[in-house]
Amino acid sequence: MKILFLDHYGVLCLSKKTITRTELSMPAEDEFNDVDVFDDFDKDAVDILNNIIEITEAEIVISSDWKRHTTLDGMCEFYQKQGIKKLPLDYTTWLPGASTYHEQRATEINTWLEQHPETTQWAAIDDLYMGTWLTNFVWTKNVHVGIKDITVQQQLLDILIQV
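Note that the coordinates shown come from a computational prediction; the quantities given were computed from them, not determined experimentally.

Chemist: I'm lost on the pattern of salt bridges in this one. Help?
Modeler: If charged atoms from side chains of opposite charge come close, those side chains can pair. If you walk through the whole model with that rule in mind, you get 7 salt bridges. Note that Asp-7 and Arg-105 form a salt bridge whose closest N and O atoms lie 3.2 Å from each other. Taken as a pair, Asp-7 in the loop between β1 (2-6) and α1 (9-13) and Arg-105 in helix α4 (residues 101-115) lie far apart in primary sequence, 98 residues in all. Residue Asp-7 is classed as buried on the basis of its relative accessible area, which comes to 4%. Arg-105 gets classed as buried once you look at its relative accessible area, which sits at 4%. A salt bridge links Arg-105 to Asp-65; its shortest N-O distance comes to 2.9 Å. With Arg-105 in helix α4 and Asp-65 in the loop between β2 (59-62) and α3 (72-82), the pair connects residues that are 40 residues apart, well separated along the chain. Within the structure, one salt-bridge network assembled from shared partners comprises Asp-7, Asp-65, Arg-105 and Asp-126.

Chemist: Would you mind showing me how to read the sheet that holds strand β4 (residues 121-126) here?
Modeler: Backbone hydrogen bonds hold the strands of a sheet together, and the pairing may be parallel or antiparallel. Strand order in the open sheet formed by 5 strands is β3-β2-β1-β4-β5, with parallel pairing between adjacent strands. Edge positions in the sheet fall to β3 (88-91) and β5 (137-139), since each has one partner strand and no second. Each strand of the sheet is rotated relative to its neighbour by a mean of 25°, with strand direction disregarded. Both β1 and β2 contribute to a ladder of 4 bridges, which runs parallel. Residue Leu-6 lies in a different strand from β2, and its bridge partner there is Ile-62. Running at roughly 140° to β3, α3 makes contact with β1, β2 and β3 of the sheet.

About the criteria used
- Residues numbered from 1 in each chain as written.
- Predicted model: local features only at pLDDT ≥ 70, side-chain atom pairs only at ≥ 80, totals over all residues.
- Heavy atoms only, no water.
- Salt bridge = Lys/Arg side-chain N within 4 Å of Asp/Glu carboxyl O.
- Helix = DSSP H or I, 4+ residues; strand = E, 2+ residues; numbered from the N terminus.
- Buried < 20%, exposed > 50% of the residue type's maximum accessible area, 1.4 Å probe, protein only.
- Pairing = 2+ DSSP bridges.
- Axes fitted to C-alpha atoms, helices over the stretch in contact; angles between N-to-C directions.
- Contact = heavy atoms within 4.5 Å.

Purely geometric stuff here, so don't read any function into it on its own.
Spelled out as structure tokens, the structure:
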């Protein structure tokens, strides 16, 4: 089974401001002033995600903090309304306590992978840098561009289409 661990804000929702992350940066509080927790996703980003999912046949697991705000059924309903062709399969478990938030999210992904040995290929995509802890990580450091960045798209395809 192929899995795509998906964050929302810096991948699909996209900032209305030009924001470029560094490896250690965290979202500033004011970044979310113009974004509702369940704001509409960028339609072009959704089209790109749908294309990647179709090509790779990957399943979606939510690693985003949004998992703390709604049930999986609620998230599936939201995905349908946004036009995403494949509904999330699962959430990673919230596991606070790491030395950094980046490490915490990576630990949540690694824990999910340990619990699901049937996973044959996977990629994690996020605007928080987790490359220190994850081997198959794709960084959307340009939060206002997200998955629309052609380099990001190619990295996902390269990871999820490995033979």
